[in-house]
Amino acid sequence: MLKTAICELFGIDYPIIQGGMAHLGTTELVAAVSEAGGLGIIGSGNADPDWVRQQIRLTRERTSKPFGVNVLLLSPFAKQVVEVVLAEKVRVVTTGAGNPGIYMSSFKQAGIKVMPVVASVALAMRLDRAGADAVVAEGTESGGEVGETTTMALVPQVVDSVHIPVVAAGGIGDGRGLAAALALGAEGVQVGTRFVCSEECIAHPDYKDKILKARDRVTVVTGQSIGNAMRCLPNKLTRDFLAMEKANVSKAELEEFGRGKMRRGLIDGDLEEGSLLAGQVAGLIKDIKPVKVIIEDMMAEAEAVIRASGRRII
Ligand SMILES: Cc1cc2nc3c(=O)[nH]c(=O)nc-3n(C[C@H](O)[C@H](O)[C@H](O)COP(=O)(O)O)c2cc1C
């Protein structure tokens, strides 16, 4: 069976981590992923600390297996969410949108495993030196906030630059992606868009359906001009947003325009005015399956691909 350093680090069966997605990384999805042998991650997004505490406690009622919390560093509640994570003795923290350096010593003192998400070699190296236990190298194919380098190019460069295990994210939706990530030197994968299309994810069915119908070239990136690049499915919101960026509308106005749009798309299912975050891998996803089946299929396919690759060498 396929086991890696990431399985050992987090005490999980399979090297598959569910990306801590804002609005969607709720106890339903998180507990399902952890119960199935992966690592579920609560997506705190911009949620208030009470919501995060409640999600941690609900998840503990559903599973005794390890799970984590994603702290979105740009959230107005980031500091309070960190306090909740420390008080609740969560085992694993991932961080999004920046450098978690100021919280690192508190996490380490509390014995929490820290795995920041990075989109560059420089940040990966800095966080390795600061005591991170692993990093997620996230390529621009990903759904949600993105950097510029592809997973294929980024992962091996990060692997060569740090001394800690690397998890690949962005564009991974099946066992072929998992096998490819391992070939690049990663010790596991973080998966977002594929888990949106799971039975357990609380995303609105119309948004899930839109991912199922998406083709390979469909996603667009908004917010690049204001340093907040987000990959999503195209709709009226992205067209309006991109037109405003082209017209040099101020950052403050764009941020105001974008406020509340994520919930509107992901949870309310407003396909035109809501934000429909999704990665380029959307075109590969054709069905909604239980989390356990997604994970088991991914593992079985990765093992088959790796075995078949070995047989090609004569
Ligand atoms: C709907 C959605 C919401 C996301 N929200 C967050 C977030 O709040 N914090 C974060 O670090 N990453 C977030 N991500 C990124 C995922 O955690 C993950 O790294 C990414 O989706 C991997 O790429 P993939 O979509 O190609 O699998 C989000 C992704 C999606 C699709």
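Residues numbered from 1 in each chain as written. Predicted model: local features only at pLDDT ≥ 70, side-chain atom pairs only at ≥ 80, totals over all residues. Heavy atoms only, no water.

## Details of the packing of aromatic side chains
Note the cut-off: Under the pairing criterion, centres of Phe, Tyr and Trp rings, with the six-membered ring standing for Trp, must be within 6.5 Å; the plane angle then separates stacked pairs below 30 degrees from edge-to-face pairs above 60, leaving the rest tilted. Whether a charge sits over a ring comes down to the Lys NZ or Arg CZ being within 6 Å of the ring centre and within 35 degrees of the ring normal.
The full count for this structure, using the stated rule, is two aromatic pairs. Between the NZ or CZ atom of Lys-261 and the centre of the ring of Phe-257, over which it lies, the distance is 4.7 Å.

## So, the side chain of Lys-261
Basically, it comes down to this: Secondary structure elements follow DSSP: runs of H or I no shorter than four residues count as helices, runs of E no shorter than two count as strands, and numbering proceeds from the N terminus. Burial status follows relative accessibility: with a 1.4 Å probe on protein chains alone, a residue under 20% of its type maximum counts as buried, one over 50% as exposed, and anything between as partly exposed. Charge counting treats Lys and Arg as positive and Asp and Glu as negative, with His and both chain ends excluded. Salt-bridge detection follows one rule: a side-chain nitrogen of Lys or Arg within 4 Å of a carboxyl oxygen of Asp or Glu. N or O atoms within 3.5 Å of each other form a polar contact, as long as, within protein, one can give a hydrogen and the other can take it, and as long as residues adjacent in sequence are counted only when both atoms are side-chain atoms. For this analysis, residues touch if any pair of their heavy atoms sits within 4.5 Å.
Secondary-structure assignment places Lys-261 in helix H13 (residues 261–266). Here Lys-261 sits buried without a salt bridge, and the closest side chain of opposite charge, Glu-273, lies 6.0 Å off (N-O distance). Of note is the side chain of Lys-261, whose polar atom sits 2.6 Å from the backbone oxygen of Phe-257. If sequence neighbours within four positions are ignored, Lys-261 has contacts with Leu-237, Glu-273, Gly-274 and Ser-275.

## Let's talk about the environment of Ser-198
Mapped onto the elements of the fold, Ser-198 is located in the loop between helix H9 (193–196) and helix H10 (205–213). Once you skip the residues sitting within four places of it in the chain, Ser-198 turns out to touch Leu-29, Lys-208, Ile-288, Lys-289, Val-291 and Ile-294. Here the side chain of Ser-198 touches Cys-201 through a polar contact of 3.2 Å, landing on its backbone nitrogen.

## What to know about the site of the ligand
Heads up, the rule is: For this description, a residue counts as near a given molecule or strand if any of its non-hydrogen atoms is within 4 Å of it. Accessible surface area values rest on a Shrake-Rupley calculation with a 1.4 Å probe, where residue burial reflects the displayed protein chains alone. The nonpolar class holds Ala, Val, Leu, Ile, Met, Phe, Trp, Tyr, Cys and Pro. Asp, Glu, Lys and Arg form the charged class, and all remaining residues, Gly among them, are polar.
Around the ligand, the surrounding shell holds 21 residues, and the nearest of these are Glu-138, Gly-171, Gln-190, Gly-192 and Thr-193. Within the backbone of Gly-171, one N or O atom sits 2.8 Å away from an oxygen atom of the ligand. Measuring from an oxygen atom of the ligand, one finds a side-chain N or O atom of Thr-193 at 2.5 Å. Burial of the ligand by the protein amounts to 95% of the accessible area it has alone, namely 600 Å². Counting residues per element, the ones that place at least two in the shell around the ligand are strand E3 (67–72) and strand E9 (188–191). A class-by-class count of the residues in the shell around the ligand yields nine nonpolar, eleven polar and one charged.

## Let's talk about the sheet that holds strand E7 (residues 144–145)
In any sheet, the strands associate via hydrogen bonds between backbone groups, in a parallel or an antiparallel arrangement. Formally: Pairing between two strands requires that DSSP report at least two bridges joining them. Interaxial angles span 0 to 180 degrees and are taken between N-to-C directions of axes, which are lines fitted to C-alpha atoms, for helices over the stretch in contact.
Across the sheet, three strands lie side by side as E7-E11-E10; this open sheet has antiparallel pairing. Single-partner strands in this sheet number two, and they are E7 and strand E10 (220–222). Inspection of the sheet shows E7 paired to strand E11 (residues 230–232) by two bridges, in the antiparallel sense. Bridge pairing in E11 places Glu-145 opposite Met-230. Against the sheet, helix H11 (residues 236–246) engages E10 and E11, with an angle of about 50° to E10.

## Comments concerning H10
Spelled out, the test is: What the arc covers is the set of directions going from the helix axis to the C-beta atoms.
Turning to H10, its buried residues are Tyr-207, Lys-208, Ile-211 and Leu-212. Along the long axis of H10, the arc covered by the buried residues comes to 145°, so they all point the same way. In this structure, the buried side of H10 is in contact with H9 and H13.

## A few points about the sheet that holds strand E1 (residues 16–18)
Pairing within the open sheet is parallel, and its eight strands lie in the order E1-E9-E8-E6-E5-E4-E3-E2. Every other strand in the sheet has two partners, leaving E1 and strand E2 (40–43) as the edge strands with one partner each. Strand-to-strand twist across the sheet, computed as the mean angle between neighbouring axes with direction ignored, equals 25°. With three bridges joining them, strand E8 (residues 166–169) and E9 adopt parallel strand pairing.

## As for helix H7 (residues 151–161)
When H7 is considered as a whole, its buried residues turn out to be Thr-151, Leu-154, Val-155 and Val-158. Axial view of H7: buried residues confined to an arc of 95°, hence all on one face. Counted as exposed and oriented over 90 degrees from the buried face of H7: Met-152 and Asp-160. Buried residues along H7 sit against strand E5 (113–118), helix H6 (121–129), strand E6 (135–138) and E8.

## Notes on the side chain of Gln-55
The topology assignment puts Gln-55 in helix H3 (residues 49–62). Sequence-distant contacts of Gln-55, that is, excluding residues within four places in its chain, are made with Thr-26, Thr-27 and Ile-42.

## Some words on unusual backbone geometry
Even without glycine at this site, His-23 takes up a positive phi of about 70°. In this structure, His-23 sits in the loop between E1 and helix H2 (27–35). Look at Lys-89: it is not a glycine, yet its phi comes out positive at around 55°. Counting through the fold element by element, Lys-89 comes out in the loop between helix H4 (78–87) and strand E4 (92–96).

## With respect to the pattern of salt bridges
Scanning all chains against the criterion turns up 15 salt bridges. For the salt bridge of Glu-88 with Arg-57, the shortest nitrogen-to-oxygen distance reads 2.7 Å. Separated by 31 residues along the polypeptide, Glu-88 in the loop between H4 and E4 and Arg-57 in helix H3 bring together distant segments of the chain. On the basis of relative accessible area, Arg-57 is assigned to the partly exposed category, the value being 46%. Of the charged contacts in the structure, one is a salt bridge between Arg-176 and Asp-174, with a shortest N-O distance of 2.7 Å. Arg-176 gets classed as partly exposed once you look at its relative accessible area, which sits at 47%. One network of salt bridges, with partners in common, ties together Arg-57, Arg-60 and Glu-88.

Read these as spatial facts, not as claims about activity.
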